[in-house]
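Results of the structural survey
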Amino acid sequence: MARWCYRHRLVVLVLWVGALFGLGAAGTSAGTDYSNVFSLPDTDSKQAYDLMTKAFPRSSGDTDTVVWRSSGDVGPVTDTAVRSRIEPVLKEIAGMRGVGEVVGPYYAKNAAQISRDGRTAFAQITFTDQANEVPKDLVRKVVDSAQGAERDGLQVELGGQAITRIQEPPTGVSEVVGIAAAAVVLFLAFGSLFAMLLPIVVAIMGVGSGMMATMLFSHVTNVPEVAPLLASLIGLGVGIDCALFIVTRHRRGIQRGLEPEEAAVRALNTSGRAVLFAGGTVCIALAGMLVMNLRFLDGVVIATSLTVVLSVLAAVTLLPALLGLLGPRVLSRKQRRRLAGAGPDPAEASGPAARWSAYVQERPRSIAAMALVVMAVLALPVLSLRLGATDQGNNQESTTTRQAYDLLAEGFGPGFNGPLQVVVPGGADTTELVRTIRATDDVAQAAAAPPAGGITVIQVVPRTSPQSVGTDRLIDRLRDDVIPEAGVEAHVGGVTAVFKDFASVTGDRLPYFVGAIIGLGFLLLLIAFRSLVVPLTAALMNLIAAAASFGVLVAVFQWGWGTEFLGIGKEGPITAFLPVIMLSLLFGLSMDYQVFLVSRMHEEWVHTGDNARAVRVGLAETSRVINCAALIMICVFSAFVLSGDMEGAMAGIGLAAAVALDAFILRTALVPAAMHLLGRSNWWLPGWLEGRLPHLAVEPAESPAGPNESTGPDGSTGPDKNTGFDKNTEHIKAAEPETSGTGGATVIHGFLRTADGDPLAGASVTLVSRGGRQLDRVTSIADGSYIVSVPAPGAYILAVTARGLASRAHHVTVGGGPLVYDVELTDDGAGLVK
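A brief report on the enclosed structure follows. (Residues numbered from 1 in each chain as written. Predicted model: local features only at pLDDT ≥ 70, side-chain atom pairs only at ≥ 80, totals over all residues. Heavy atoms only, no water.)

1. Topic: the overall build of the protein chain
Which entries qualify depends on this criterion: Secondary structure elements follow DSSP: runs of H or I no shorter than four residues count as helices, runs of E no shorter than two count as strands, and numbering proceeds from the N terminus. Summary of the burial criterion: residues with accessible area below 20% of their type's maximum are buried, those above 50% are exposed, and those between are partly exposed, where the area comes from a 1.4 Å probe applied to protein chains only. Only the protein chains shown count as cover for residues, with accessible areas throughout obtained via the Shrake-Rupley method and a probe of 1.4 Å.
Helix and strand counts for the protein chain come out as 25 helices and 21 strands. For the protein chain, buried positions account for 57% of its 834 residues. Carbon and sulfur atoms form 57% of the exposed surface of the protein chain, whose accessible area is close to 34,400 Å².

Dropping the structure here:
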C-alpha cells in the first residue's frame, strides 16, 4: 500500500482533499446538533428530573440573567433613578427578535428577585432557542443594551449559557496556537521546512475530516458540546506524533543510503505498523469509556475515536504520497550536501541519546529510584481529589458571567447560584416537609411552588455554594434523614444534585473502567511482544503516570496553584467526567510511547538475544523522537488553556503534564532502568502460553535486504554479525536473486526448535537457489518462528545455522503455495520434524 500511495501520489492527494471538502460542505450545510445528555439511571436526581419534566414542561429556549447592583450615593434598586435606567433596557431586550420573554423584579409577584438589602436585583431573559443556537449577534446586542444602563454606582452584569458563548475566544484559536508551537518544534528537530510541514498537514487533514464527520454524527446520536474540543485535542496530538515517527524513519533511511521510494516503503513497513498498532490501542482505550454506561460519554467516544482513526489513516496513506512529492527534499539542504559528499551515515546511533542510554545502563538502580521519588511526590495531591462540576463561578474575574455570579452570591447568598429541587409526587401534603427542611442546617431558604399535575416542587437554597462540600453533605442529609423522617416520597434534584450523582456514579464505576483498559492493553502487548513482564511493566507505568498527572491537576485546578498565572479562573472541584476521558487518552498515549520504545528493543532482542544491548539500542534510537513527539503533544495540549472552556483547560493541562511525565521520566528513565534490572526476565513467556497466542507483528522480523546482508531496524543494511552463517556455509555464493521455475511468489515458514523442544531464537535461515545464489535471509524471532520469501515455485536449498550447533542445508521443493517446514537443530545437525 505504501508503494502504491508513493507512486500514485497525486491520486491520493486529490482523494484526501476531495474527502475533506466534501465532508466540510456536508457538515456546514447540516449544521450541528450537539446536546449534553446527563442520563443517570437509578439515581435520585434522575427521578426528580423525570417528575419535573412531566409536571412542568421545560421552555424550549435558554434562560439567562441580567443582574444589577447599586452602591455608593445611588439608592436601592427600587429607586426611581435606578428603575428609569433599567426598565427601558429590559423593554428593549424583550422586543428583540429571538427573545421570548423578560421577567423583571418590578412587579409584586416577582419581589423575590430583589435582595433583602435592596441593593441587588435580577431579571430573567428567555430566548426562543437553546444556548448553542442563539445567534451571537443577538447575544452581543443584549449584553450591550444591558450594560449601556451602567453609571457610577450602578453595575450591570449578565450570566447564563448563551452569554458565555460571546466570551469564548474565536473558534480554532487553541488549535492554531498548538499547531504553531508544534511547527517550531518540528523545524528545530528536522531543520527542514518541508519536513516540518508534513506532520502538520497530515494532522490537519485527519482532524479536519474528523471534525466535519462529528458534525454529521451529532444529527444521528447524542454528541456533547465538549466532544469536538476533546477530539481535536487528541487528534492533533496523535496525528502529528504518528507522522513524526514515520517521517523520522524515512529521513533516517535516506541518510543511510536508501532511495526515497525504498526509504518510504520501509518506513511505512516498520514505523507505519507501529503507528497502526498504537492508533488501535488509543481507540481501544477510548472505547473503554463505554464500560461506564454513561450516555454523555458515548458521543465523546464516537468523536475522539473517529478523529484518531482518520488521523492514523492520513499518516499511512496521505503521508507516503506527500513523501513522493518531496523526494529527497525531505532532508535539509545541509543534510543533502553531507549525504552527497560524505556518503551514508553509520547505522550505529550516536549523540546525546546514545550517551544517555549508556548512562541508564550503567546506573539503573539510582535512576529508577530518583524517577520513582519524583513521580510519588507529584502524585501526593491526588489523595485529596474531589469530583464535581465547574460553573460560571470558576470563570475569570474579568468576565461578565463571573461578576454576575458573584453579585447574585453576594446579594442572595452563595447557594442561590445552585438551588436544589425537592420533588414530591402524588399530591402529598408538603407543609411539614417544608418546615423540616427550613430547620435543617445549611438551608437558607425553602419554599413550595403551587402543585401541578399532582407534583409539588420545593425550592431549597443552601447556605453554601454549589461546589462546596457543605452542599454535598446537605443533599445527603435531605435524602438520608430529612425526607425519610417526614414520611413522604420525595426526590432531590437540580443541577447541583445531578452533578453530585454524576460524580458518585463515576467514582463507583471508575475501577471497572481502569481494569478494562489495563486488561485490554495488557493483552495487546502480550500478543505483540510475547512477554508477560513487558505488559505488566507497561500497566504499572500507566498507573504511575495517571496518579502523577492527576496530582498536578488537583494542585492547579483544585488547590489553585498557578491559576492566576495561567489565567484560567477560580479553583474548584475536578469535573466529574474528566477522569474517565483523561484516563482513556492517557492510557492510549502511554501505550503509543511504550509500543514505539519496546518494539525497537524487542526487534534488537530477537536478533541478538542480548537484553542489555536491546534496551540500550532501543532507548538510544527512540528516545529522541519520543521526546520530540512528547514536546509537540505538550504544546498542542497546553494551548487548549486558550479555548475559553474550563473542561478543555483541565484536559489540556492534565494531558500535557501526563505526556511530559510519561515521556521524559517514565519512558526515557524508569522503563529502561527497570528493564535493565529485570534482565532476560523481560522477555519471559511460559511455554504453555506460547503456543496458544496468535502472532501479531508490530514490526517485521526482517526486511528484504541485499545479498548476504541483514536489514537493521532503521532500514540500514550490513553483514549479519549475530550468526555464524558465513563461516559454516562458505560454499554458498552471494549474488543477486534468481528465479527458479515459473509462477507466483510464495513463502517457506515454520518453527526452529532445539532437541529439547525449546524455541530457537536468533538462528539464521537462508534460502539459496540451486545455482548457489542467496535469495532471502532472515533471523528467527523469540518463539523460534521464521518466514523466508520464495520468488517462484521450484527447487531450493534451505540453510539453517545457529551458534553452538552444527549447520546443515536441506533441499526443498516449493509448489504453488506456502510451504510449512519445521526444523529441529541438534549438536549433530538439522533434521526434518514436520
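From this point, the narrative continues.
2. Quick notes on the packing of helix H17 (residues 469-486) against helix H18 (residues 495-529)
To keep it simple, the criterion reads: Here the axes come from fitting lines to C-alpha atoms, over the contacting stretch only for helices, and the angles between their N-to-C directions go from 0 to 180 degrees. Throughout this description, any angle smaller than 35 degrees is read as roughly parallel, any larger than 145 degrees as roughly antiparallel, any in the 65 to 115 degree range as roughly perpendicular, and the remainder as oblique. Contacts: residue pairs with any heavy atoms within 4.5 Å of one another. Polar here means any residue outside two lists: the nonpolar Ala, Val, Leu, Ile, Met, Phe, Trp, Tyr, Cys and Pro, and the charged Asp, Glu, Lys and Arg; Gly therefore counts as polar.
At a closest axis distance of 11 Å, the pairing of H17 and H18 adopts a crossing angle of 90°. Looking at the two axes, H17 sits roughly perpendicular to H18. Residues Thr471, Asp472, Ile475, Asp476 and Arg479 of H17 lie in contact with H18, whose contacting residues are Thr496, Ala497, Lys500 and Asp501. For the contact of H17 with H18, a count of residues per class yields two nonpolar, two polar and five charged.

3. Description of the packing of aromatic side chains
Worth spelling out the cut-off: A pair of Phe, Tyr and Trp rings is counted when the ring centres sit within 6.5 Å of each other, with Trp represented by its six-membered ring. The angle between the planes then sorts it: under 30 degrees is stacked, over 60 is edge-to-face, the rest tilted.
Summed over the entire model, instances satisfying the criterion amount to seven aromatic pairs. Between tryptophan 356 and tyrosine 359 the ring centres are 5.8 Å apart and the planes differ by 25°, which places this aromatic pair in the stacked class. Highlighted residues: tryptophan 356 and tyrosine 359, both in helix H13 (residues 352-362), separated by three residues, approximately one helical turn. Classification of tryptophan 356 by relative accessible area gives partly exposed; the value is 33%. Here tyrosine 359 falls in the partly exposed class, since its relative accessible area comes to 37%.

4. Examining the sheet that holds strand E1 (residues 63-70)
Adjacent strands of a sheet pair through backbone hydrogen bonds, lying either parallel or antiparallel. Filter applied, for reference: At least two DSSP bridges between two strands are needed for those strands to be called paired.
Taking strand neighbours across the sheet as the criterion, the four strands line up as E2-E3-E1-E4 in an open arrangement whose pairing is antiparallel. The open sheet terminates on both sides in strands that have one partner only, identified here as strand E2 (99-103) and strand E4 (154-159). Strand after strand, the sheet turns through a mean of 20° between neighbouring axes, direction not considered. Helix H15 (residues 400-412) contacts E1, strand E3 (120-127) and E4 of the sheet and is inclined by roughly 110° relative to E4.

5. Details of the environment of phenylalanine 122
If you trace the backbone, phenylalanine 122 turns up in strand E3. Residue class for phenylalanine 122 comes out buried when judged on its relative accessible area of 7%. The spatial distance from the C-alpha of phenylalanine 122 to the C-alpha of threonine 65 is 6.6 Å, given a sequence separation of 57 residues. When near neighbours in sequence (up to four residues on either side) are disregarded, phenylalanine 122 contacts Thr65, Val66, Val67, Trp68, Pro105, Ala112, Gln113, Leu408, Phe412 and Phe416.

6. Quick word on helix H10 (residues 260-287)
Because the α-helix completes a turn every 3.6 residues, residues three or four places apart line up on one side. Defined as follows: Working rule for helices: expected span equals 1.5 Å times residues minus one. Bending is quantified residue by residue as the angle between axes fitted to the seven-residue window ending at that residue and the seven-residue window starting at it.
Spanning 28 residues, H10 covers 37 Å between terminal C-alpha atoms, matching the ideal 40 Å at 1.5 Å per step. In H10, a bend of some 35° at serine 271 exceeds every other bend along the element.

7. A short note on a positive patch on the surface
Quick note on the threshold: Residues enter patches when they are more than 30% accessible in relative terms and free of salt bridges; like-charged ones are connected within 9 Å and nonpolar ones (Val, Leu, Ile, Met, Phe, Trp, Tyr) within 5 Å. By salt bridge we mean one thing: a side-chain nitrogen of Lys or Arg within 4 Å of a carboxyl oxygen of Asp or Glu. Only four residue types enter the tally: Lys and Arg on the positive side, Asp and Glu on the negative side; His and the chain ends are excluded. A single reference atom marks each charge: NZ on Lys, CZ on Arg, CG on Asp, CD on Glu.
Taken together, Arg333, Lys334, Arg337 and Arg338 make up a surface patch of like positive charges. Along the polypeptide, arginine 338 turns up in helix H12 (residues 333-342). According to the relative accessible area criterion, arginine 338 is partly exposed, its value standing at 39%.

8. Quick notes on the pattern of salt bridges
In the structure shown here, the tally under the stated rule is 18 salt bridges. Here glutamate 87 and arginine 83 are joined by a salt bridge, their closest N and O atoms 3.0 Å apart. One end of the pair, glutamate 87, and the other, arginine 83, are both in helix H4 (residues 80-94), four residues apart, so they sit about a helical turn from each other. Look at glutamate 87 and you get partly exposed, because its relative accessible area is 26%. Residue arginine 83 is classed as partly exposed on the basis of its relative accessible area, which comes to 29%. Arginine 140 is paired through a salt bridge with aspartate 137; the nearest N and O atoms lie 3.6 Å apart.

9. Description of the side chain of glutamine 421
Put simply, the rule reads: In protein, a polar contact requires one atom able to donate a hydrogen and another able to accept it; more generally it is a pair of N or O atoms within 3.5 Å, and residues adjacent in sequence count only if both atoms are side-chain atoms.
By secondary structure assignment, the location of glutamine 421 is in strand E6 (residues 420-424). Classification of glutamine 421 by relative accessible area gives buried; the value is 12%. A distance of 3.2 Å separates a polar atom in the side chain of glutamine 421 from a polar atom in the side chain of glutamine 459.

10. Quick word on empty space enclosed by the protein
The following threshold applies: The way it works is a 1 Å grid over only the protein atoms, where trapped points that fit a 1.4 Å probe form a cavity and open points with protein on both sides within 12 Å along at least five of seven lines form a pocket, and then any residue with an atom within 4 Å of a point lines it. Grid points are joined across faces, edges and corners, and a volume is the space filled by probe spheres set on the points.
Taken as a whole and assessed by the stated rule, the structure comprises five cavities of 30 Å³ or more. Space inside the largest cavity adds up to approximately 150 Å³. In terms of lining, the largest cavity is formed by 13 residues, of which the most central are Phe245, Arg249, Ser271, Thr622 and Val625. Mapped by element, the contributors of at least two residues to the lining of the largest cavity are helix H9 (226-255), H10, helix H21 (578-608) and helix H22 (611-638). Ranked by residues supplied to the lining of the largest cavity, first place goes to H9 with four residues. Tallied by class, residues from the lining of the largest cavity come to four nonpolar, four polar and five charged. The computed volume of the second largest cavity comes to approximately 90 Å³. Looking at the lining of the second largest cavity, the elements with two or more residues in it are H10, H18, helix H19 (533-558) and H21. A total of five residues in the lining of the second largest cavity trace back to one element, the largest contributor, which is H18.

11. What to know about the sheet that holds E6
Strand order in the open sheet formed by four strands is E7-E8-E6-E9, with antiparallel pairing between adjacent strands. Each end of this open sheet is capped by a strand with a single partner; those strands are strand E7 (443-448) and strand E9 (491-493). The average undirected angle you get between the axes of adjacent strands in this sheet is 25°. Bridge analysis of E6 against E9 gives three bridges, and the strand direction is antiparallel. Bridged to valine 423 within E9 is histidine 491.

12. Focus: unusual backbone geometry
The phi dihedral of aspartate 442 falls on the positive side, at around 70°, and the residue is not glycine. With respect to the helices, strands and loops of the structure, aspartate 442 is situated in the loop between helix H16 (431-438) and E7. At arginine 530, a position not held by glycine, the phi torsion is positive, near 50°. Considering the arrangement of structural elements, one finds arginine 530 in the loop between H18 and H19. Given a relative accessible area of 8%, arginine 530 falls into the buried group.

13. Notes on the pairing of strand E15 (residues 774-779)
When you tally the buried positions in E15, you get six out of six residues, the bulk of the element. Summarising the sheet, strand E14 (residues 764-769) and E15 pair through five bridges and their orientation is antiparallel. When the bridges of E15 are listed, serine 764 appears paired with threonine 779.

14. Some words on the nonpolar core
For the record, the criterion: Here, the term nonpolar core denotes a set of buried Ala, Val, Leu, Ile, Met, Phe, Trp, Tyr and Cys residues that are joined through side-chain atoms within 4.5 Å.
Membership of the largest hydrophobic core comes to 164 residues, with the highest contact counts inside it found for Met289, Leu297, Phe513, Phe557, Ile632 and Phe637. With residues near it in sequence (within four places) discarded, phenylalanine 513 still touches Ala285, Gly288, Met289, Val291, Met292, Val580, Leu583 and Ser584. If you look at the next biggest cluster of nonpolar residues, it comprises 29 residues, including Val82, Ile114, Leu138 and Val139.

15. Structural notes on helix H8 (residues 193-217)
In this model H8 runs 36 Å from its N-terminal to its C-terminal C-alpha over 25 residues, within 8% of the 36 Å that 1.5 Å per residue would give. Burial analysis of H8 places 18 of its 25 residues in the buried class, which makes it a mostly covered element.

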